[in-house]
Amino acid sequence: MARPGKKKPNASKVWRALLLWLHIVAAVCWMGQALAVTVLLIISATSAAGDLKIGTILASDLLDQKILGYSAITAAWTGFGLSTTTTWGYFRSRWVTTKFVMTIAQILTGTSVAGAAYPQLEAASLDGKNGASILLAIIAVGLVAAGGAFQVFLSVSKPWGRTRWGHRAQTRGAEGRLAPAPTLVVAGLFLAALVDLAIGLVTGIPLPSVSTAMLVVALVVRRRARTRLIATDAAAGGGRSAADRGSVGSTRVLDGVVAARTQLTDSLVQLRVAVADGSPVSEWEPGAHIDLLLPSGKVRQYSLHGDPEDRGGFDVSVVREAEGRGGSIEIFDLAEGAKVGIGGPRNNFPLVNAPRYLFVAGGIGITALKPMLEAIDHAGQPWQLIYRGRTRVGMPFADELSTQYPDQVSISAADADARPNLDAALAGLPDGSVVYCCGPSSMMDSLDEKISNGYPNLTLHVERFAATARDDSQNRPFKVFLPQTGELVDVPADKSALDSLRSVLPELPGSCETGICGSCEMRVLAGRPEHRDDILTAAEGDRTDVMYPCVSRSKDPLLVLDA
Ligand code: FES
């Protein structure tokens, strides 16, 4: 038994934390200085002619012209940088968009109204009078300070849910996702802000020139990363390495090897699976899973629970199920060095933007949720985890999570603790929050029922290990037209669309063939699919652009599929 190799410190998280730190410090300075300028202007306006009137005007000018501009520029551009390098984006959540618009408005107000008034205010104060624009300046700087305070509220409470674009992005799979930025880009944004600060202090002019250039670079890099993400999802395992051994069954797989094995309990093992030729593993996002092709030919799906930035291997955990179909027993018994095939990664359970997150894990289901909550925590967004298992000792990561996040994690074992109060947790969530659940079907079904019946303001996302029961007794035959080949394929009532299509396209991918893995996804060009998979959410039940033909059928006599 060997422990997996020690992970490198996550440089990206460190740089992102530095960027966030600089943003918060600059934003607090900006708000505080605007408040101080407002107070000084009020004192000057209400003072009699003399030193106090002149001194307060000069002091507020000093603050406004010499200091406030630097904190405003730094706060604004580090904020833009955070939006560009995280999955928040600019226009997907109402609170982020509001902050973006307010930031621009505050800078314009501060410079065009208050900043421009000082020459006249100073001249008037020397004559013992109030300048004509002092009231306007007080209101303008006061609004900047109040705007800063309101932005703090927005950052803390993240209200109002998603925008129209945010909702649309949610239903577009990889095309709707924003890829997190690479470490170099995040580091570049942080350093660019410092360089701008240094240049401004030397020249006396606060300008975000280097930060703006770096922001453009970050936007270009993000666009390219998103394109790669879409391609990766589309390929889902195809032709990425010298170790690619082509098609096995109907799923593209890479030659892999068990690089490390850690047995945690009698029935729980952690494996690190690497590409056999030493190539880095593919990029993945929290929520993703891989297919493992076992020596017996069985294919099983496992959620990835390691660090998405660690490209040395995929970390998965497996519970040995004595009453299962044999796959878990086989993988549990694999020794270090054993050869396996790796398909994917694939992500049917992506993170979406929300003001707050509730994660509900049952047993081994924590593996799908762990990278998600780590990403959310790292982004500084509010979340809570309810984690339930049979016995504490058999709950992976229970100690690690409760130690690391004592305030957000609630862990209970069925043999020792009362059931968690899910209703209380759901009732405390603000509108637009999302609930992610992964665990036994009974847990997910009951949560689904609760949310459907009592919490229309929440969205539930589930990841299933096993397909839900389906009634095929009422199946009707239909036809599928494939414009690329010109074939018209009959799908009889007693056969799946995937099996029928394989009679003309034997290489069509498919792994689980029970509607849970997503590997058989096809684009629908015309017709209305009848979704029977466990991948699309209830809200996506009317989608007519995609289907999983291993289980789904057609509402219409004819479907046109892109193959
Ligand atoms: S083969 Fe897994 S969803 Fe269709």
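Residues numbered from 1 in each chain as written. Predicted model: local features only at pLDDT ≥ 70, side-chain atom pairs only at ≥ 80, totals over all residues. Heavy atoms only, no water.

**Some thoughts on the pairing of strand β6 (residues 314-319)**
Line of reasoning, step 1. Among the six residues of β6, five are classified as buried, and the element is accordingly described as predominantly covered.
Line of reasoning, step 2. Bridge count for strand β3 (residues 268-275) against β6 is six bridges, and the pairing is antiparallel. Within β6, the position partnered with Val273 by the bridge is Phe314. (Buried < 20%, exposed > 50% of the residue type's maximum accessible area, 1.4 Å probe, protein only. Helix = DSSP H or I, 4+ residues; strand = E, 2+ residues; numbered from the N terminus. Pairing = 2+ DSSP bridges.)

**With respect to the pairing of strand β14 (residues 487-491)**
Line of reasoning, step 1. By the bridge criterion, five bridges tie strand β13 (residues 478-482) to β14 in an arrangement that is antiparallel. The partner of Val480 across the bridge, within β14, is Val489.
Line of reasoning, step 2. Count of turn residues in the β13/β14 antiparallel hairpin: four residues, of which Gly486 carries a positive phi of about 80°.

**Looking at the sheet that holds strand β19 (residues 558-561)**
Line of reasoning, step 1. If you trace the five strands from one edge of the open sheet to the other, you get β14-β13-β19-β15-β17, paired in mixed fashion. The open sheet is flanked by β14 and β17 (546-547), the only strands paired with a single partner.
Line of reasoning, step 2. Where strand β15 (residues 522-526) meets β17, two bridges bridge the pair, whose relative direction is antiparallel. Across the sheet, the residue bridging to Arg523 is Val546, located in β17.

**Comments concerning the environment of Ala45**
Line of reasoning, step 1. Checked against the element boundaries, Ala45 lands in helix α1 (residues 11-46).
Line of reasoning, step 2. For the pair formed by Ala45 and Asn130, sequence separation is 85 residues and the distance between their alpha carbons is 5.9 Å.
Line of reasoning, step 3. In this structure, Ala45 is in contact with Lys53, Asn130, Ile134 and Ile138, ignoring residues within four places of it in sequence. (Contact = heavy atoms within 4.5 Å.)

**Digging into a nonpolar patch on the surface**
Line of reasoning, step 1. Together, Leu35, Val39, Ile43 and Leu52 line one region of the surface with nonpolar side chains, adding up to about 340 Å² of accessible area.
Line of reasoning, step 2. Broken down by element, the residue count for the nonpolar patch peaks at three residues, all from α1. (Patch = residues over 30% accessible without salt bridge, like charges linked within 9 Å, V, L, I, M, F, W, Y side chains within 5 Å. Areas by Shrake-Rupley, 256 points an atom, 1.4 Å probe, with all protein chains shown as cover. Salt bridge = Lys/Arg side-chain N within 4 Å of Asp/Glu carboxyl O.)

**Describing the nonpolar core**
Line of reasoning, step 1. Judged by nonpolar contacts, the single largest core of 40 residues is most densely connected at Trp30, Val37, Leu41, Trp77, Leu121 and Leu189.
Line of reasoning, step 2. At the level of elements, α1, α2 (51-85), α3 (94-126), α4 (134-157), α6 (183-203) and α7 (209-235) are the ones that each hand at least two residues to this core.
Line of reasoning, step 3. Looking at which element gives the most residues to this core, the answer is α2, with 10 residues.
Line of reasoning, step 4. Ignoring sequence-local partners within four residues, the contact set of Trp77 consists of Ile107, Pro208, Ser211, Thr212 and Leu215.
Line of reasoning, step 5. Residues Ala368, Leu369, Trp383 and Ile411 belong to the second largest nonpolar core, which totals 26 residues. (Core = buried A, V, L, I, M, F, W, Y, C linked by side-chain atoms within 4.5 Å.)

**Re unusual backbone geometry**
For residues that are not glycine, phi is negative in most cases, and the peptide bond is trans in most cases.
Line of reasoning, step 1. The peptide bond linking Gly344 to Pro345 adopts the cis configuration, its omega dihedral lying at 10°.
Line of reasoning, step 2. As for its position among the elements, Pro345 is in strand β7 (residues 339-346).
Line of reasoning, step 3. Residue Phe397 is not a glycine yet carries a positive backbone phi of 65°.
Line of reasoning, step 4. Look at Phe397 and you get buried, because its relative accessible area is 12%.
Line of reasoning, step 5. Phi at Glu513 takes a positive value of approximately 55°, unusual for a residue other than glycine.
Line of reasoning, step 6. Examined against the element boundaries, Glu513 turns out to sit in the loop between α13 (497-501) and β15.
Line of reasoning, step 7. Accessibility expressed as a relative area gives 33% for Glu513, which makes it partly exposed.

**What to know about the sheet that holds strand β11 (residues 434-438)**
Line of reasoning, step 1. Spatial ordering of the open sheet is given by β10-β9-β8-β11-β12, a layout of five strands whose pairing is parallel. The open sheet terminates on both sides in strands that have one partner only, identified here as β10 (409-413) and β12 (459-463). Taking the axes of each pair of neighbouring strands and ignoring which way they run, one obtains an average angle of 15° across the sheet.
Line of reasoning, step 2. Where strand β9 (residues 383-389) meets β10, five bridges bridge the pair, whose relative direction is parallel. (Axes fitted to C-alpha atoms, helices over the stretch in contact; angles between N-to-C directions.)

**Some thoughts on the packing of aromatic side chains**
Line of reasoning, step 1. Taken as a whole and judged by the stated rule, the model has 13 aromatic pairs.
Line of reasoning, step 2. The interplanar angle of 85° and the centroid separation of 5.7 Å between the aromatic rings of Phe91 and Phe100 together place this pair among those described as edge-to-face.
Line of reasoning, step 3. On the numbers, 6.3 Å between centres and 65° between planes, the contact of Phe359 with Trp383 is edge-to-face. Remark: Trp383 occurs in strand β9 and Phe359 occurs in strand β8 (residues 357-362); sequence separation between them is 24 residues.
Line of reasoning, step 4. For Phe359, a relative accessible area of 0% puts it in the buried group.
Line of reasoning, step 5. The exposure class assigned to Trp383 is buried, which follows from its relative accessible area of 4%.
Line of reasoning, step 6. Here the aromatic residues Phe349, Tyr357, Phe359, Trp383, Tyr405 and Tyr436 are joined through ring pairs into a cluster of three or more.
Line of reasoning, step 7. When the ring centre of Phe397 is taken as origin, the NZ or CZ atom of Lys370, which lies over that ring, is 4.7 Å away. (Phe/Tyr/Trp six-rings, centres within 6.5 Å; stacked < 30°, edge-to-face > 60°. Lys NZ or Arg CZ within 6 Å of the ring centre and 35° of its normal.)

**Things to note about the packing of α2 against α3**
Line of reasoning, step 1. Where α2 contacts α3, the two axes come as close as 10 Å, and the packing angle between them is 160°. Classified by the angle their axes make, α2 and α3 are roughly antiparallel. Viewed along their axes, α2 and α3 form a crossing whose handedness is left-handed.
Line of reasoning, step 2. Of the residues that constitute the contact of α2 with α3, the class distribution is 14 nonpolar, six polar and four charged. (Parallel < 35°, antiparallel > 145°, perpendicular 65-115°, else oblique. Left-handed = near helix turned anticlockwise from the far one by under 90°. Nonpolar A, V, L, I, M, F, W, Y, C, P; charged D, E, K, R; others polar.)

**Description of the pattern of salt bridges**
Line of reasoning, step 1. Counted according to the given criterion, the structure contains 17 salt bridges.
Line of reasoning, step 2. Two residues, Arg502 and Glu513, come together in a salt bridge whose shortest N-O distance is 2.8 Å. Here Arg502, found in the loop between α13 and β15, pairs with Glu513, found in the loop between α13 and β15; they are 11 residues apart in sequence, far enough to count as distant.
Line of reasoning, step 3. A salt bridge links Glu530 to Arg532, with the nearest nitrogen and oxygen atoms 2.9 Å apart.
Line of reasoning, step 4. Salt bridges sharing partners connect three or more residues here, namely Arg272, Asp310 and Asp315.

**Describing the environment of Glu463**
Line of reasoning, step 1. Inspection of the secondary structure assignment puts Glu463 in strand β12.
Line of reasoning, step 2. Between the C-alpha atom of Glu463 and that of Gly439, which follows or precedes it by 24 residues, the distance is 7.8 Å.
Line of reasoning, step 3. Those residues in contact with Glu463 that sit more than four places away from it in its chain are Gly287, His289, Ser303, Asn348, Phe349, Cys437, Cys438, Gly439 and Met444.

**Focus on the confidence of the model for the protein**
Line of reasoning, step 1. For the protein, the mean per-residue pLDDT works out to 84, and 89% of the residues sit at or above 70.
Line of reasoning, step 2. Across residues 1-9, where pLDDT falls below 50, the model places 15 contacts with residues more than four positions away in sequence or in other chains. (pLDDT = per-residue confidence, 0-100.)

**So, helix α9 (residues 366-378)**
Two residues of an α-helix separated by three or four positions point the same way, owing to the 3.6 residues in each turn.
Line of reasoning, step 1. An ideal rise of 1.5 Å per residue puts 18 Å on 13 residues; α9 measures up with 18 Å between its terminal C-alpha atoms.
Line of reasoning, step 2. A large share of α9 lies buried, amounting to 10 of its 13 residues.
Line of reasoning, step 3. Taken as a whole, α9 has its buried residues at Ile366, Thr367, Ala368, Leu369, Lys370, Pro371, Met372, Leu373, Glu374 and Ile376.
Line of reasoning, step 4. Residues of α9 that are buried sit in contact with β5 (299-303), β6, β8, β9, α10 (398-404) and β11.
Line of reasoning, step 5. Positive phi shows up at Gly380, right after α9, with a value of about 80°. (Expected span 1.5 Å × (residues − 1).)

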